[in-house]
Amino acid sequence: MLHNCQNREELMKFLTKKSVDIRKKIIQLVVTAGGGHVGGGLSMTEILLTMYYHILNIDPKNPSKPDRDRFILSKGHGGVGICPVLADVGYYPEDMMMDFNQYLSPFGMHPDMKKVPGIDMSTGSLGHGLSISVGLAIGARLDKTSWRVFCLLGDGECNEGSVWEAAMAAHHYKLGNLIAIVDRNQHMLDGPTEKIMSLEPLEDKWKAFGFNTKVIKGHDYQELLDTFEKLPPATNENPVCIICNTVKGKGVSFMENEPKWHYGGLDEDAAKSAITDIDKMTL
Amino acid sequence: MGGLSYTIEDLNSMTQGQFFGQTIADLGKSDSSIVCLTADLAKSSKIGTFFSAFPERSFNMGIAEQNMVSVAAGLALAGKKPYVATFACFASMRAGEQVRTDICYPNLNVKIIGTHAGLSMGNGGTTHHATEDIGIMRTFANMTVTVPADGIETAKIIQACANHYGPLYMRIGRGLEPPAYETVDYNFKLGKAITMKEGSDISIIACGNCVKAAMDAADKLADTEGPRVRVINMHTIKPLDTETILKAAEETGTILTAEEHNILGGLGSAVAEVLAEAGVQCKFKRLGIPDVFSVIGYPDDLYGHYKIDMEGIADAVCEIMGVERKKIDEDAD
Ligand SMILES: Cc1ncc(C[n+]2csc(CCOP(=O)(O)OP(=O)(O)O)c2C)c(N)n1
């Protein structure tokens, strides 16, 4: 863990404050970058902060530490959502992101593992991450190591057949060291998931594919901590899927559940109003 | 035909995607067998214009491109005329085998529109760039491959689809760049290249965005009494207009190709095949992405970086002609 909190209460306070800080940084980054996938960036903030500050066994000073837990951002369009978190936990200085999206920058919309420290895999084409995670998890098994693989998927992304091919393989190869997390924000690009391509009953689907499943509130740190602190041991046989119910655009009133904020740009005024909202938000 | 009428004003105000959306919606009025499909990119690809006009004939398949393409094959088998639109990278690569095996192999009448092609996704990076699609699509037997130079040509290709049976791929960019044509009223025929500028010293054979860049380069060189450049718009990569290529080689002796694509496999390769097989001796160079995954940046930065913008093309002309590039002092007047 990358914090010094002594107990749950302190940790809750710490993470809750981080939620506000990181959201503001995401908004600022969208301004700097000239646009970004802000809606899905804001829906996964608590998931990422729980992972990077508390759950993952990682060392930002040594990003390629061999026995680290792996985190695969399968919804690779989450660049503006994840990059401020990686800076915050110390993978690189924040001002390295000043030229985000600009000519020759290491940072674009979809993070590149060859350019961004802390990124375990280059992603952006949806439906690849879980398969890659299966490969990593099998690799960990072959080496008899205990690190885990966490893979964050978009809910719309679960339309891709490859996600279910990977799920089938995760069960077949008994990969209890693999944890799929679904950012269930109910929206994809063209609109609500249940209107564009319905996913429900989503938990039953994962169950049927042999996963241990749990549905939690994805902005609620009590639930996130309870769930991820109590994962079955990595030696377990069943892969795990945690479906996190979230709100796309969480924290910014004019973005919440608004399909057009899947991707967008912000001028200074809009950014100001977003930041005012974030200061007032509750999780 | 769908009674299409665009004006000169449209040329500058509409993107390539908008021309596509508008034209397919127009064709839909007179042909009720047209059906449209997308994979969660109705808005981005602009096929959404058809979706709004004919919701009962429109199918958003979610983020599942492989399924979408095979579903389109099934619709074609059932007698429909499917048009499929998604980003070019996903149309050509994610669903590549479905395109080849389910559409090209049985020679089904499915039209595939790959949007945001080349480097037009700019800072979206490699996962969203498509610099391989021409190469991939042209190696599928039965496939027709088209690359319109701008919005009006996009409309003309979609109109031509009404009288064309079989698989056809059209790649378009974001189309925010200035148009290559100053008129909406010109003759367009699939497979017949268009000479945009006459010239006797060198020919640039270009497609897509590079057509306008090549025309601007030709003008710039003419202003400084540099080489006289012929510019050929090769809007159909397959079937390729070999006659126009060989004539250009014979008459100008030097050929430059320019495309927003890997120099391997695309227009440049196709032209080289024609020249080599005909035993034509000429100076030849391919401009494009030099077999690398692109750096990050806005599209214009990237066109400059890979020297397929006006400046890069003008420099390349001078280099291959062995002449020094003369520049007009812009501040002189
Ligand atoms: C294979 C593939 N198809 C299409 C896209 C374009 N695209 C980017 S984001 C997106 C919607 C993603 O929705 P979801 O997975 O629910 O993510 P979130 O709502 O969390 O942003 C689409 C279709 C893509 N990146 N990859």
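Residues numbered from 1 in each chain as written. Chains lettered and ligands numbered in written order. Predicted model: local features only at pLDDT ≥ 70, side-chain atom pairs only at ≥ 80, totals over all residues. Heavy atoms only, no water.

*Asks:* Sorry if this is basic, but what is going on with the layout of surface pockets here?
*Replies:* Summary: where empty space remains is shown by rolling a probe the size of a single water molecule over the atoms. Residues and elements named next belong to chain B. Here the largest pocket is characterised by a volume of approximately 910 Å³. If you list the elements that add at least two residues to the lining of the largest pocket, you get α3 (42-45) and α6 (88-94). Considering each element in turn, the lining of the largest pocket owes the most residues, 3 residues, to α3. Considered class by class, the residues forming the lining of the largest pocket number 14 nonpolar, 19 polar and 13 charged. A volume near 410 Å³ is recorded for the second largest pocket. Lining the second largest pocket we find 25 residues, and of these L176, E177, P178, N209 and K212 sit closest to its centre. Listing elements by their share of the lining of the second largest pocket, those giving two or more residues are α1 (8-13), α10 (209-223) and α13 (299-305). For the lining of the second largest pocket, the element with the most residues is α10, which contributes 5 residues. Structurally, the lining of the second largest pocket is a two-domain feature, drawing no fewer than three residues from each of domain 1 (8-171) and domain 2 (194-321). (1 Å grid on protein atoms, 1.4 Å probe; cavity = no way out; pocket = protein on both sides within 12 Å on 5 of 7 lines; lining within 4 Å. Points joined across faces, edges and corners; volume = space filled by probe spheres on them. Helix = DSSP H or I, 4+ residues; strand = E, 2+ residues; numbered from the N terminus. Nonpolar A, V, L, I, M, F, W, Y, C, P; charged D, E, K, R; others polar. Domains from an automatic or database assignment.)

*Asks:* Any chance you could explain the sheet that holds strand β10 (residues 236-238) of chain B here in plain terms?
*Replies:* Backbone hydrogen bonds are what pair the strands of a sheet, in a parallel or an antiparallel way. All names here are of chain B. The strand order β2-β1-β3-β4-β6-β5-β10 describes an open sheet built from 7 strands, whose pairing is mixed. The open sheet has two edge strands with one neighbour each: β2 (58-60) and β10. The average undirected angle you get between the axes of adjacent strands in this sheet is 20°. Pairing analysis gives 5 bridges linking strand β1 (residues 34-38) to strand β3 (residues 81-87), with the strands arranged parallel. (Pairing = 2+ DSSP bridges. Axes fitted to C-alpha atoms, helices over the stretch in contact; angles between N-to-C directions.)

*Asks:* Any chance you could explain the domain arrangement of chain B here in plain terms?
*Replies:* Interfaces are frequently sized by the accessible area removed from exposure as the parts join. Residues and elements named next belong to chain B. Once the domains are mapped, chain B shows domain 1 (8-171) and domain 2 (194-321). Put simply, the middle of domain 1 and the middle of domain 2, counted by C-alpha atoms, are 26 Å apart. Contact with domain 1, which involves 28 residues of that partner, is made by 32 residues of domain 2. Considering only the surface of domain 1 that becomes buried against domain 2, L119, N123 and R138 emerge as the three largest contributors, covering 30% of it. (Contact = heavy atoms within 4.5 Å. Buried area = accessible area lost by both parts, 1.4 Å probe.)

*Asks:* Any chance you could explain the packing of helix α5 (residues 129-142) of chain A against helix α6 (residues 161-172) of chain A here in plain terms?
*Replies:* Two numbers describe a pair of packed helices, the interaxial angle and the distance between the axes. All names here are of chain A. One way to put it is that α5 packs onto α6 with a least axis distance of 8 Å and a crossing angle of 20°. The orientation of α5 relative to α6 falls into the category roughly parallel. In the crossing of α5 with α6, the sense of the turn from one axis to the other is left-handed. Within the contact between the two elements, α5 uses L130, S131 and V134 and α6 uses S162, V163, A166, A167, A169 and A170. (Parallel < 35°, antiparallel > 145°, perpendicular 65-115°, else oblique. Left-handed = near helix turned anticlockwise from the far one by under 90°.)

*Asks:* Looking at this structure, I do not really get the packing of aromatic side chains. What am I missing?
*Replies:* Two numbers describe a pair of aromatic rings. These are the distance of the centres and the angle of the planes. All chains considered together, the criterion is met by 13 aromatic pairs over all chains. Seen from their ring centres, F254 of chain A and W261 of chain A are 5.6 Å apart, and the 70° between their planes marks the pair as edge-to-face. In this structure W261 of chain A comes out as buried when scored by relative accessible area, which is 11%. Through a chain of ring-to-ring contacts, three or more aromatic side chains come together here, namely W164, W206, F209 and F211 of chain A. The aromatic ring of W147 of chain A is capped on one face by R70 of chain A, whose charged end is 3.9 Å from the ring centroid. Of note, R57 of chain B hangs over the ring of F54 of chain B, and the distance from its end group to the ring centre comes to 4.2 Å. (Phe/Tyr/Trp six-rings, centres within 6.5 Å; stacked < 30°, edge-to-face > 60°. Buried < 20%, exposed > 50% of the residue type's maximum accessible area, 1.4 Å probe, protein only. Lys NZ or Arg CZ within 6 Å of the ring centre and 35° of its normal.)

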